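# Architecture at a glance
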Amino acid sequence: MDRILIVDFGSQVTQLIARRVRESGVYCEIVPFNSAEKAFEDMQPKAVILSGGPNSVADIDTPRAPDIILASGLPILGICYGQQTLCAQLGGSVEQSDEREFGRAMLDVTGASPLFDGIDGDEIQVWMSHGDRVNNLPDGFSVVGTSENAPFAAIADEVRKIYGVQFHPEVVHTPDGAKMLENFTHVIAGCKGDWSMAAFRDKAIADIRAQVGDGRVICGLSGGVDSSVVAVLLHEAIGEQLTCVYVDTGMMRAGESEQVVGLFRDHFNIKLVHKDASELFLGKLDSVSDPEQKRKIIGSTFIDVFEEEANAIGGADFLAQGTLYPDVIESVSFTGGPSVTIKSHHNVGGLPERMNMQLVEPVRELFKDEVRALGQELGLPEAFVGRHPFPGPGLAIRIPGEITSEKLEILRKADTVYLDEIRNHGLYDEIWQAFAVLLPVRTVGVMGDSRTYDYVCGLRAVTSTDGMTADYFPFSHEFLGRVSTRIINEVRGINRVVYDITSKPPGTIEWE
Ligand code: XMP
């Protein structure tokens, strides 16, 4: 399998380079610059891409590309800071320019290069974001593209197959950028482009078998896409050695438990323990209203129940988790010096050590939409694969303040009506996440001839690519009016509906 190594110098958009490369059928990994040398030796890539980054080559102690990479003879593409350090390290020079360039710019193609294969015209729209710029090329390089403020906007040493671009080909604002990256990986580096979900699935199954041997694996199912995909993949790999545990916390959406049990136990024939622990959870949450405390109680109760159920079936050697690539990328942090930050959200954190288990994380190299594609490859129903994300603490964080079973019931009904309308209007797949919130506020209303004093229901719907930032969804007034009428008519306990038009930031997606 062909591989591309992406050396990360801390750009906000390094992940997008990986996305584009994988979309063109080539496997790649992102590695921080300070561990790139070892990764290069281990990975044996076909080519290397150097990312952008916030530093200035003119500063002291700036990050550098490992010499072993520059001397390897492999094709290299430097993007923005990557281009600058490439030039500085190979004998050219970089200056801090007064004419900074941020945003859209036009690239004049001034020289022929395979980088531009299949792209029409001599003017290409690109996205710039730089203060520094190259002002003296290393030996062997020539200019193949210029922009108004960057005379060396695209450079190439066609003999050594080393390229540099001042702009960002990985962002959508460079419409031909994906083609340029594909030209680099396919035409210049000769990658075959045969990485696909089918190939990933076969490799993942072989890897799981090699890791697990004849050991027993336990997998927590939440009903979410990631754990579902992991469960089905493991079942294909090791069959009866896998047991899944689904803990019903009492804070699931309407019909959720039936769907999970129906799909995994009945459809896929996967061994599944279904534990209804709703009374235990609700008891522990009684009179608790602080959001952080709710999360902590739910997290630790979840681990207790999971452990009890795992012990009841005789324990396991491995714990399978749906950790994704964005959770494990060691992104370069410049704010706290040359340290490396690792993000991780392990929903059952602490369990593996407590139960002396090793982790199996078969989708840790994938992005969310790749996991969805793998789910399709594995035959998971479309409706499951395309599900909106649902938080571990469930409806508990959609009922600000104290949680009661009465409130949970009201919220489930309102949420069902809302999502029903979203589906009926064909909007479900356009939205990252949509849900109802039950506010701890009662207001006065009038229904028929009677006065009512009932709860307020908040509706939330956002578009997003990764949940880190989000925009509220622009429903039509007609749609909002219809949902409001249906909720008030059909859900006893709610007499007022409001729509949340806060983006993230400054809001968060969930209300708690
Ligand atoms: P926020 O509310 O932080 O949410 O904008 C971003 C994404 O994360 C989900 N979320 C959680 N997921 N445990 C989870 O497993 C949690 O405690 C939690 N809080 C938020 C949220 O649904 C959204 O997709």
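An account of the accompanying structure is given in this report. (Residues numbered from 1 in each chain as written. Predicted model: local features only at pLDDT ≥ 70, side-chain atom pairs only at ≥ 80, totals over all residues. Heavy atoms only, no water.)

All right, on to the overall build of the protein chain then. When helices and strands are counted, the protein chain shows 16 helices and 20 strands. Scaling as 2.2 N^0.38, a compact globule of 512 residues should have a C-alpha radius of gyration of about 24 Å, and the protein chain matches this with 26 Å. Along the longest, intermediate and shortest principal axes, the C-alpha atoms of the protein chain span 80 × 60 × 40 Å. Approximately 22300 Å² of the protein chain is accessible, and the part contributed by carbon and sulfur atoms is 48%. Across the protein chain, the 45 positively charged side chains and the 74 negatively charged ones have centroids separated by 6 Å. (Helix = DSSP H or I, 4+ residues; strand = E, 2+ residues; numbered from the N terminus. Rg over C-alpha atoms; globule rule 2.2 N^0.38 Å. Areas by Shrake-Rupley, 256 points an atom, 1.4 Å probe, with all protein chains shown as cover. Lys, Arg positive; Asp, Glu negative; His and termini not counted. Charge placed at Lys NZ, Arg CZ, Asp CG, Glu CD.)

Another point: the environment of valine 417. Its location among the elements puts valine 417 in helix α15 (residues 405–424). For the pair formed by valine 417 and arginine 486, sequence separation is 69 residues and the distance between their alpha carbons is 7.1 Å. Apart from residues no more than four positions distant in its own chain, valine 417 is found in contact with Arg486, Ile487, Glu490 and Val491. (Contact = heavy atoms within 4.5 Å.)

We now examine the site of the ligand. Around the ligand, a shell composed of 14 residues is seen, among which Arg295, Gln433, Lys504, Ile509 and Glu510 lie nearest. Measuring from an oxygen atom of the ligand, one finds a side-chain N or O atom of lysine 504 at 2.6 Å. Isoleucine 509 places a polar main-chain atom, nitrogen or oxygen, 2.7 Å from an oxygen atom of the ligand. Across the complex, the protein chains shield 73% of the 500 Å² of accessible surface that the ligand would expose by itself. (Near = heavy atom within 4 Å. Polar contact = N/O pair within 3.5 Å; in protein donor to acceptor, adjacent residues only side chain to side chain.)

What follows is about the pattern of salt bridges. Two side chains of opposite charge can pair, provided their charged atoms sit close to one another. For the structure on display, the rule yields 27 salt bridges. Put simply, glutamate 23 and arginine 20 hold a salt bridge, and the shortest N to O gap is 3.2 Å. Placement of the pair is glutamate 23 and arginine 20 together in helix α1 (residues 14–23), with a separation of three residues, close to one helical turn. The residue arginine 482 makes a salt bridge to glutamate 421 at a minimum N-O spacing of 2.9 Å. (Salt bridge = Lys/Arg side-chain N within 4 Å of Asp/Glu carboxyl O.)

Time to look at helix α13 (residues 368–377). Three or more residues of α13 are buried, namely Glu370, Val371, Leu374 and Gly375. Within α13, the buried residues cover an arc of 150° as seen down the axis, which keeps them to one side. Those residues of α13 that are buried are in contact with α1, α6 (197–212), α7 (225–238) and α14 (382–385). Backbone geometry just downstream of α13 places glycine 379 in the positive-phi region, at approximately 85°. (Buried < 20%, exposed > 50% of the residue type's maximum accessible area, 1.4 Å probe, protein only. Arc of directions from axis to C-beta.)

What follows is about the sheet that holds strand β16 (residues 358–360). Spatially, five strands are ordered β12-β11-β10-β13-β16 in an open sheet, and the strand pairing comes out parallel. Lying at the two open borders of the sheet, with one neighbouring strand each, are β12 (272–276) and β16. Each adjacent strand pair in this sheet contributes to an overall mean axis angle of 25°, direction not counted. Of the strand pairs in this sheet, strand β10 (residues 217–221) and strand β13 (residues 318–320) are connected by three bridges, and their pairing is parallel. Along β13, the bridge assignment pairs isoleucine 218 with leucine 319. Helix-sheet contacts for helix α8 (residues 256–267) involve β10, β11 (242–248) and β12, and the interaxial angle to β12 is about 165°. (Pairing = 2+ DSSP bridges. Axes fitted to C-alpha atoms, helices over the stretch in contact; angles between N-to-C directions.)

The subject of this paragraph is the side chain of aspartate 226. Looking at the element boundaries, aspartate 226 is found in helix α7. Since its relative accessible area comes to 16%, aspartate 226 is described here as buried. When sequence neighbours within four positions are dropped, the list of residues in contact with aspartate 226 reads Gly322, Leu324, Lys368 and Val371.

Worth remembering: the numbers are spatial, not functional.
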